[in-house]
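Given next are the chains, with one letter for each unit.
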Amino acid sequence: MTTLTQPKIGWIGPGIMGLPMCRNLMKAGFTLAVYARRPESAQELVNQGAEYYPTPAALAANVDMIISIVSDTPDVEAVLLGETGVIAGGKPGLLVVDMSTISPVATREIAAKLATKGIRMLDAPVSGGDVGAIAGTLTIMVGGNADDLEYARPALAAMSKTITHIGEHGAGQLAKACNQLIAAQSIIAVTEAFEMAKAAGVDPAKVRAALLGGFAYSKVLELHGQRILDENFQPGFKAHLHNKDMHIVTDTATTFGLNLPGTQRAADYMQALVDAGLGELDSSALAKIVQQNALIG
């Protein structure tokens with residue numbers, strides 16, 4: 001085994017988020033190995049000295065810690081629990097840190113199944129988008145054992161500015177679901193404010209500038225507000241992924257017997273955006289659906 005502060009890390013999912021996160025890990029001096037469903041997506045990392053393994057099982061057999069960031073719950077289940085998944089190759093004591101955004105309920109089930117093989121797990125979803133991934137300023141919400149978090153902390157710190165231990169397995173994913181429902185509803189609120197300003201003949205850009213200095217300030221108003229004014233929806237975080245997350249949110253609410261009407265409206269609008277063929281745009285393009293629904297009659 002390598003030292004506590006410098007475990008050899010196996011990475012699963014070097015995509016839009018994962019690739020810059022890997023760059024930051026390597027910049028911080030961590031030894032990296034990688035698996036990708038499309039091997040070409042790992043080529044840059046291999047060129048920089050990362051080892052490549054053809055399956056998650058092979059990767060898990062040769063590292064101290066696995067970090068995964070893939071698209072959805074079934075993808076996490078496949079790479080961690082599948083026939084050639086981490087569970088098939090990982091040794092007892094291996095730590096898995098899943099940074100995907102998936103179901104909190106499924107996360108607890110995955111952690112329990114890994115534990116039968118002596119494999120530890122943290123759920124550690126992130127907020128901050130590709131900008132935060134590139135800058136190494138992500139916010140990480142962690143569920144799982146506190147000692148396991150301390151083992152992983154040096155690696156997580158290389159990719160983030162804020163790491164918060166929320167609670168036991170699934171708690172990190174629950175926090176991320178809360179983040180996503182607030183973000184979606186905030187895009188709606190910002191767009192509706194701009195629509196009211198325009199309808200009254202008031203410059204929404206000046207309204208935004210004023211609100212940025214007041215109690216209504218938010219990152220959504222600052223960043224997405226400008227995107228909405230510019231009608232610039234080049235993707236940072238794609239709408240179809242936010243749509244997937246909103247399904248996680250509404251499913252989780254149903255699991256716990258909650259009626260969340262604002263959340264349901266945001267989920268319906270996000271689904272409408274994807275159904276309109278705009279899922280590859282940034283999630284702030286939700287403004288388009290809000291604008292369509294803003295006028296009476």
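As the structure is a computational prediction, the values presented were derived from the model and not from experiment.

Counting its secondary structure elements, the chain contains 14 helices and nine strands. Over its C-alpha trace the chain gives a radius of gyration of 20 Å, about what one expects of a compact globule, namely 19 Å for 297 residues. Along the longest, intermediate and shortest principal axes, the C-alpha atoms of the chain span 65 × 40 × 35 Å. The buried share of the chain, taken over its 297 residues, is 50%. Considering only intrachain contacts with a sequence separation of at least 6, the fraction spanning at least 24 residues in the chain is 67%. Counting every atom, the chain has about 13400 Å² of accessible surface; 57% of that belongs to carbon and sulfur. Seen as two clouds, the 22 positive and the 28 negative side-chain charges of the chain have centres 4 Å apart.

Counting 36 residues, the largest nonpolar core has Trp11, Met21, Leu25, Val97 and Met99 as its most contacted members. In this structure, methionine 21 is in contact with Trp11, Ile69, Met99, Val126, Ala133, Leu138 and Met159, ignoring residues within four places of it in sequence.

Another point: the UniProt feature "domain: 3-hydroxyisobutyrate dehydrogenase-like NAD-binding" (unreviewed entry) in the chain. The sites that UniProt annotates as "domain: 3-hydroxyisobutyrate dehydrogenase-like NAD-binding" (unreviewed entry) are residues 170-289. Between the C-alpha atoms that bound residues 170-289 there is a distance of 32 Å. The span itself is 71% helix and 0% strand.

The next point concerns unusual backbone geometry. Located in the positive-phi region is glutamate 231, a residue other than glycine, with phi close to 55°. Along the polypeptide, glutamate 231 turns up in the loop between helix 11 (219-230) and helix 12 (239-255). Classification of glutamate 231 by relative accessible area gives exposed; the value is 64%.

For the rest of this paragraph, the subject is the packing of helix 10 (residues 204-211) against helix 11. Following both chains from N to C, one finds helix 10 and helix 11 inclined at 175°, their axes separated by 11 Å at the closest point. Between helix 10 and helix 11, the interaxial angle falls into the category roughly antiparallel. Seen from helix 10, the contacting residues are Pro204, Ala205, Arg208 and Leu211; seen from helix 11, they are Leu221, Glu222, Gly225, Gln226 and Leu229. Grouping the constituent residues of the contact of helix 10 with helix 11 by class yields five nonpolar, two polar and two charged.

Let us look at the pattern of salt bridges. Taken as a whole and judged by the stated rule, the model has 12 salt bridges. Among the salt bridges present, the one from arginine 120 reaches aspartate 148, with a minimum N-O distance of 2.7 Å. Highlighted residues: arginine 120 in strand 6 (residues 120-123) and aspartate 148 in helix 8 (residues 146-157), separated in sequence by 28 residues. The closest approach of N and O atoms between glutamate 280 and lysine 238, which form a salt bridge, is 2.7 Å. Pair noted here: glutamate 280 is in the loop between helix 13 (261-275) and helix 14 (286-294) and lysine 238 is in the loop between helix 11 and helix 12, with a separation of 42 residues, a long-range link. Here glutamate 280 falls in the partly exposed class, since its relative accessible area comes to 46%.

Taken as a whole and judged by the stated rule, the model has zero aromatic pairs. When the ring centre of tyrosine 151 is taken as origin, the NZ or CZ atom of arginine 120, which lies over that ring, is 5.3 Å away.

Quick look at helix 12 now. The α-helix winds at 3.6 residues per turn, so residues separated by three or four positions along the chain end up facing the same way. Compared with the 24 Å implied by 1.5 Å per residue over 17 residues, the 24 Å span of helix 12 between its first and last C-alpha is a close match. What helix 12 keeps buried is the set Ala239, His242, Asn243, Lys244, Asp245, Met246, Ile248, Val249, Thr250, Thr252 and Ala253. At its buried positions, helix 12 is contacted by helix 6 (104-115), helix 9 (171-199) and helix 13. Glycine 257 sits one or two positions beyond helix 12 and adopts a positive phi of about 70°.

Rules used in this analysis
- Residues numbered from 1 in each chain as written.
- Predicted model: local features only at pLDDT ≥ 70, side-chain atom pairs only at ≥ 80, totals over all residues.
- Heavy atoms only, no water.
- Helix = DSSP H or I, 4+ residues; strand = E, 2+ residues; numbered from the N terminus.
- Rg over C-alpha atoms; globule rule 2.2 N^0.38 Å.
- Buried < 20%, exposed > 50% of the residue type's maximum accessible area, 1.4 Å probe, protein only.
- Contact = heavy atoms within 4.5 Å.
- Areas by Shrake-Rupley, 256 points an atom, 1.4 Å probe, with all protein chains shown as cover.
- Lys, Arg positive; Asp, Glu negative; His and termini not counted.
- Charge placed at Lys NZ, Arg CZ, Asp CG, Glu CD.
- Core = buried A, V, L, I, M, F, W, Y, C linked by side-chain atoms within 4.5 Å.
- UniProt positions renumbered as here; feature names shortened; annotations may be inferred.
- Axes fitted to C-alpha atoms, helices over the stretch in contact; angles between N-to-C directions.
- Parallel < 35°, antiparallel > 145°, perpendicular 65-115°, else oblique.
- Nonpolar A, V, L, I, M, F, W, Y, C, P; charged D, E, K, R; others polar.
- Salt bridge = Lys/Arg side-chain N within 4 Å of Asp/Glu carboxyl O.
- Phe/Tyr/Trp six-rings, centres within 6.5 Å; stacked < 30°, edge-to-face > 60°.
- Lys NZ or Arg CZ within 6 Å of the ring centre and 35° of its normal.
- Expected span 1.5 Å × (residues − 1).

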